[in-house]
Structures are given as C-alpha cells and as structure tokens.
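# Residue-level structure breakdown
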Amino acid sequence: MAEFPALIGQSVSYAVLQFPAGSVNPPHTHPRSAELLFVAQGALQVGFVDTTNKLFTQNLQTGDTFVFPKGLVHFQHNADAKNPALAISAFGSANAGTVSLPNTLFNTSIDDTVLALAFKTDVATIQNLKKGFAS
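Heads up: these notes are all about the structure in this document. (Residues numbered from 1 in each chain as written. Predicted model: local features only at pLDDT ≥ 70, side-chain atom pairs only at ≥ 80, totals over all residues. Heavy atoms only, no water.)

### A few points about the side chain of Ser13
- Mapped onto the fold, Ser13 is located in strand β1 (residues 13-19).
- Looking at Ser13, the relative accessible area reads 16%, which means it is buried.
- There is a polar contact of 2.7 Å between the side chain of Ser13 and the backbone oxygen of Ser93.
- Residue contacts for Ser13: discarding those within four places in its chain leaves Leu7, Ser89, Ala90, Phe91, Ser93 and Ala94. (Helix = DSSP H or I, 4+ residues; strand = E, 2+ residues; numbered from the N terminus. Buried < 20%, exposed > 50% of the residue type's maximum accessible area, 1.4 Å probe, protein only. Polar contact = N/O pair within 3.5 Å; in protein donor to acceptor, adjacent residues only side chain to side chain. Contact = heavy atoms within 4.5 Å.)

Now the structure itself:
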C-alpha cells in the first residue's frame, strides 16, 4: 500500500508478476478473491482446475487477459526458454491471500505418512520432495 496509497480502503489490490524465461508461478489459490491477469509483456501458459477437476488452459500473448475464479487452484508458466514475461494481476480484495500448494504441502509439518497416503506413494518419495523445500 505504501506504493499506491489510493488503494487503502477500496477492497482492491494488484500485483506485478515478473516471469524469467522458463519460470513458473506454481499451483496456488487465492481464498478471498478472483484474479484478473493481464499480460503486459511476453507470453504465458495459464490454467485453473474447476470444482469437477476439469483443467482449463490458455496460451496468452501480450495484451491478453484471463480470469481465475476465487478459490480455485491455478498457475502461470512462462514456457519461453529465452524471453521473460511480465503480467499484472488485479484482485477484488485488499487481501486476496495466497496459498501455494507445493509450499503448503511439502514445507510444513504435515506427517509424511499422511502425504504418502494422499498422493498414493511412499514416505521416501515424500521425504525427497520435502528436501527441495528445506530452508
């Protein structure tokens, strides 16, 4: 808010997202707001999963917009191995919240056995995944 104080009390917010070549904004949700994404530079592959587990994806170019419904798992990926991308996201909440699924699942103290059962794998695989998130 210090950068744009006119937003204070307006129940809106925005974020500028920089995507280096080949980078991803991993699957995440915003529990308190939908997200309107505008691609200002480059190209992004985006998608979300609805409540019936149907995946919706789109390849966006500069000038394109996309809406991620409130609370649904979604992602953005700069598949270009050479060029960066820049996007602006607008939210209908001053605090949309972000729940990063990889971080929430593999960088918390959820029991390894619970995760192994949930992902239909073994504890060793879960422990290997967690190593990538160790501080």
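### Quick word on the sheet that holds strand β8 (residues 85-91)
- Read from one edge of the open sheet, 4 strands run β1-β8-β3-β6, paired in antiparallel fashion. Two strands bound the open sheet, and with one partner strand each, they are β1 and β6 (65-68). Averaged over all adjacent pairs, the angle separating strand axes in this sheet is 25°, with direction ignored. (Pairing = 2+ DSSP bridges. Axes fitted to C-alpha atoms, helices over the stretch in contact; angles between N-to-C directions.)

### Points about the packing of aromatic side chains
- In this structure the tally under the stated criterion is 5 aromatic pairs.
- Measuring from centroid to centroid gives 6.1 Å for Phe106 and Phe133, while their planes differ by 25°, and the two rings are stacked. Taken together, the residues span a long stretch of sequence, with Phe106 in helix α1 (residues 101-106) and Phe133 in the segment after α3 (123-131) at a distance of 27 residues.
- Look at Phe106 and you get buried, because its relative accessible area is 11%.
- Ring-pair connections join several aromatic residues into one group, and the members of that group are Phe48, Phe56, Phe66 and Phe68. (Phe/Tyr/Trp six-rings, centres within 6.5 Å; stacked < 30°, edge-to-face > 60°.)

### Some words on the nonpolar core
- Among the nonpolar cores identified, the biggest contains 13 residues, and Leu37, Leu44 and Val46 are the most heavily contacted of them.
- If you list the elements that add at least two residues to this core, you get β1, β3 (35-41), β4 (44-49), β6 and β8.
- Broken down by element, the residue count for this core peaks at 3 residues, all from β4.
- Residues within four places of Leu44 in sequence aside, it is in contact with Phe19, Leu37, Val39, Gln58, Asn59, Leu60, Gln76, His77, Asn78, Ala85 and Ala87. (Core = buried A, V, L, I, M, F, W, Y, C linked by side-chain atoms within 4.5 Å.)

### Focus: the environment of His77
- Along the chain, the position of His77 falls in strand β7 (residues 74-77).
- The sequence separation of His77 and Ser93 amounts to 16 residues, and the corresponding C-alpha distance is 24 Å.
- The contacts of His77, once residues within four sequence positions are left out, are Gly22, Ser23, Val24, Leu44 and Gln45.

### Quick word on the environment of Gln127
- Checked against the element boundaries, Gln127 lands in helix α3.
- Once the C-alpha coordinates of Gln127 and Ala116 are considered, the two residues, 11 residues apart in sequence, prove to be 9.3 Å apart.

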